[in-house]
Amino acid sequence: GLRMSEKPKLAMYWGSACGGCEISVLNIHEHILAVDEIFDIAFFPCIADFKVHHVESYDDGYIDVCLWNGAIRNSENEEMAHLLRKKSKVMVAFGSCAYEGCIPALSNLTSKEATFNTVYGENASLDNPEGVVPLTSVEVAEGTLTLPEFYHTVKSLDQVVDVDYYLPGCPPEPPQIWAVLQVVVAGLLEGAPLPPAGSVVGVTNVAVCEECERVKSEKCIEKFYRPYEIIPDPEQCLLEQGIMCMGLATNGGCGALCPQVGMGCRGCYGPLPGVEDQGAKMLSAVASVINAGEAGMEEHELEEKIQAVVDTIVDPAGTFYRFSMSHSLLRRAKVNGNGKGEA
């Protein structure tokens, strides 16, 4: 086998995310032993005691592959992204948060100030009469304490540093993770061709619907249901039953896991090739299947009927842009005139 010094170096870092991506790597099961055999772990704070100064001491390009999960929510995330980009030959935006902003980027619908107010101010479980909020720097008897700066706008990884590959999913599915690692290893060790830079890997480039075995017929929707309101037919297309399913507008590769168990696709594998805004794509698809009104009806009455159907979609922004806000045409909402998109 390879001596330690000859093995490629693997890093994984956790930005603004929930931790599921780290666990998904461990879920490749026995393949984790192969990863350990092939790679030296250069940085993986979730599972081993690494420090930032270890990474700073590496030569530029020392890390062969860095799997970065998480969005860029604060200044520490951004600093680590620049550091790991400098030290890595291949940077992978690993999972939806790194790829498109995901759940953290839904805060782009509001402002930094409103977020702080919700968390530290008007919060029923909090006793903070003086309205204390985190500061980037504060003097105490022992010296100066610092915290990262909390940004107004959440960014995807590629809005901060150059990204070589994107592996979508919330989290990416273990078979896709292993397939991607195999491709990278073949390129590093055997000189096999790597995918073109900028590629979205681990996807099928056809809609989730193509992987879904549910029976599809004509879609004609009169009302949308939340999951708790209806027990879906186990065989029929969920969207046809009025259960919001983003499969029409979402890249396959997951195996349609959510629709298989009666939950509509949430869209975590990102847009199909050539689609710039996944939410807009799904909105247009939904608009085309709404069944409301009758022939000859007055236009204003028809609009009211259509609006009544649309109103049954409880959280449109969180539904259509749950994973893709940072990469959407919208990117962030204008809030109180402060929608310049600055950090």
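Residues numbered from 1 in each chain as written. Predicted model: local features only at pLDDT ≥ 70, side-chain atom pairs only at ≥ 80, totals over all residues. Heavy atoms only, no water.

**Section: the overall build of the protein chain**
From N to C terminus, the protein chain includes 13 helices and ten strands. Dimensions of the protein chain along its principal axes, counting C-alpha atoms only, are 75 × 55 × 30 Å. Considering the protein chain as a whole, with its 343 residues, one finds that 45% of them fall into the buried category. The contacts in the protein chain between residues at least 6 apart in sequence include a share of 72% that link residues at least 24 apart. Split by element, the accessible area of the protein chain, about 17600 Å² in all, is 54% carbon and sulfur. Charge centroids of the protein chain, computed over 24 positive and 47 negative side chains, lie 3 Å from each other. (Helix = DSSP H or I, 4+ residues; strand = E, 2+ residues; numbered from the N terminus. Buried < 20%, exposed > 50% of the residue type's maximum accessible area, 1.4 Å probe, protein only. Contact = heavy atoms within 4.5 Å. Areas by Shrake-Rupley, 256 points an atom, 1.4 Å probe, with all protein chains shown as cover. Lys, Arg positive; Asp, Glu negative; His and termini not counted. Charge placed at Lys NZ, Arg CZ, Asp CG, Glu CD.)

**Brief notes about the packing of helix α2 (residues 31-38) against helix α8 (residues 174-190)**
Taken N-terminus to C-terminus, the directions of α2 and α8 make an angle of 20°; their axes are 12 Å apart at the nearest point. Taken as axis vectors, α2 and α8 run roughly parallel relative to one another. The two elements α2 and α8 cross, and the hand of that crossing is left-handed. Seen from α2, the contacting residues are H31, A34, V35 and I38; seen from α8, they are W178, L181, V185 and L189. Split into classes, the residues belonging to the contact of α2 with α8 amount to seven nonpolar, one polar and no charged. (Axes fitted to C-alpha atoms, helices over the stretch in contact; angles between N-to-C directions. Parallel < 35°, antiparallel > 145°, perpendicular 65-115°, else oblique. Left-handed = near helix turned anticlockwise from the far one by under 90°. Nonpolar A, V, L, I, M, F, W, Y, C, P; charged D, E, K, R; others polar.)

**A short note on the side chain of N251**
Considering the arrangement of structural elements, one finds N251 in the loop between α9 (208-211) and α10 (257-260). For N251, a relative accessible area of 2% gives the class buried. Side-chain polar atoms of N251 contact the backbone nitrogen of N205, separated by 2.8 Å. Excluding residues that lie within four positions of it along the chain, N251 makes contacts with V203, T204, N205, V206, V208, Y269, G270, P271, L272 and P273. (Polar contact = N/O pair within 3.5 Å; in protein donor to acceptor, adjacent residues only side chain to side chain.)

**Focus: the environment of E213**
Relative to the assigned elements, E213 resides in the loop between α9 and α10. Sequence separation of E213 and A256 is 43 residues, and the distance between their C-alpha atoms is 8.5 Å.

**Digging into the pairing of strand β7 (residues 143-146)**
Two strands pair when backbone bridges link them, and strand β6 (residues 137-140) and β7 are joined in this way by four bridges, in the antiparallel orientation. Opposite E139, over in β7, you have T144 as the bridge partner. Where β6 hands over to β7, the hairpin turn is made up of two residues, counted between the paired strands. (Pairing = 2+ DSSP bridges.)

**A few points about the packing of aromatic side chains**
Overall, the coordinates contain seven aromatic pairs when judged by the stated rule. Aromatic side chains Y99 and Y166 sit 5.3 Å apart centroid to centroid with 50° between the ring planes, which places their arrangement in the tilted category. Separated by 67 residues along the polypeptide, Y99 in helix α5 (residues 96-100) and Y166 in strand β9 (residues 165-167) bring together distant segments of the chain. A residue is classified by how much of its surface remains accessible, and Y166, at 11% relative accessible area, is buried. Feature note: the residues Y13, F43, F50 and W68 constitute an aromatic cluster, connected by ring pairs. Taking NZ or CZ as reference, R73 lies 3.9 Å from the ring centre of F150, over its face. (Phe/Tyr/Trp six-rings, centres within 6.5 Å; stacked < 30°, edge-to-face > 60°. Lys NZ or Arg CZ within 6 Å of the ring centre and 35° of its normal.)

**Quick word on the nonpolar core**
If you look at the biggest cluster of nonpolar residues, it comprises 47 residues, and the most contacted ones within it are F43, W68, L84, F94 and L157. Per-element tally for this core: the top contributor is α8, with six residues. Those residues in contact with F94 that lie beyond four places of it in its chain are M12, C21, S24, V25, L67, W68, N69, G70, L167, P172 and I177. Within the second largest apolar cluster, 33 residues are counted, among which are C97, M246, A256 and I313. (Core = buried A, V, L, I, M, F, W, Y, C linked by side-chain atoms within 4.5 Å.)

**Some points on the state of the cysteines**
Within this structure, the stated rule accounts for zero disulfides. Unpaired in terms of disulfides, C237 finds its nearest cysteine sulfur in C245, a separation of 6.5 Å. C237 sits in the buried class, given a relative accessible area of 9%. Free of any disulfide, C254 has its nearest cysteine sulfur in C265, 6.3 Å distant. (Disulfide = S-S within 2.5 Å.)

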